[in-house]
Amino acid sequence: MTLARVKGNVVSTQKNPELTGHKLLIVHPVDLENNYVGDKDVVALDFVDAGIGDIVLLVQEGKAVQQLLGHRKAPVHSVIVAVVDSIDISSN
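Asker: I keep staring at the sheet that holds strand β4 (residues 55-59) and nothing clicks. Help me out?
Answerer: Strand order around the closed barrel formed by five strands is β1-β2-β3-β5-β4, with mixed pairing between neighbours. Strand after strand, the sheet turns through a mean of 55 degrees between neighbouring axes, direction not considered. Inspection of the sheet shows β4 paired to strand β5 (residues 79-83) by four bridges, in the antiparallel sense. The residue bridging V56 from the neighbouring strand is V83, located in β5.

Asker: Would you explain the pattern of salt bridges in this entry?
Answerer: Two side chains with opposite charge may pair up if their charged atoms get near one another. Under the counting rule described, the total for this entry stands at three salt bridges. The closest approach of N and O atoms between D41 and K7, which form a salt bridge, is 3.1 Å. Highlighted residues: D41 in the loop between β2 (23-29) and β3 (42-46) and K7 in strand β1 (residues 2-10), separated in sequence by 34 residues. A relative accessible area of 42% means that D41 is categorised as partly exposed. In this structure, K23 engages D46 in a salt bridge whose closest nitrogen and oxygen atoms are separated by 3.2 Å. Taken together, the residues K23 in strand β2 and D46 in strand β3 connect sequence positions 23 residues apart. Relative accessible area serves as the criterion here: at 31%, K23 is assigned to the partly exposed category.

Asker: What is the right way to look at the side chain of H28 in this model?
Answerer: Summarising the element assignment, H28 is placed in strand β2. Here the side chain of H28 touches V37 through a polar contact of 3.1 Å, landing on its backbone oxygen. When neighbours within four sequence positions are excluded, H28 is seen to be in contact with A4, R5, K7, Y36, V37, G38, D39, K40 and D41.

The rules we used
- Residues numbered from 1 in each chain as written.
- Predicted model: local features only at pLDDT ≥ 70, side-chain atom pairs only at ≥ 80, totals over all residues.
- Heavy atoms only, no water.
- Pairing = 2+ DSSP bridges.
- Helix = DSSP H or I, 4+ residues; strand = E, 2+ residues; numbered from the N terminus.
- Axes fitted to C-alpha atoms, helices over the stretch in contact; angles between N-to-C directions.
- Salt bridge = Lys/Arg side-chain N within 4 Å of Asp/Glu carboxyl O.
- Buried < 20%, exposed > 50% of the residue type's maximum accessible area, 1.4 Å probe, protein only.
- Polar contact = N/O pair within 3.5 Å; in protein donor to acceptor, adjacent residues only side chain to side chain.
- Contact = heavy atoms within 4.5 Å.

Next up, the structure:
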């Protein structure tokens, strides 16, 4: 899983039928201090009703994504599975 910040929405009048009813968001990976990591945005399927500015957990593993969807038909690489409220790191 990867931490990411939601940057925007994807609006599409035509899309794969397996994606009908699902929201697509543009996210960018972040580190534990909420700084952007890398230079690439990712389009992710939203399972948790995230919004712009939210820090989210992103799953980008093929088999995990297929399990969440319940099939292999959708052309999906990344899925948002949680909105992060806070992160606490132990100093031990």
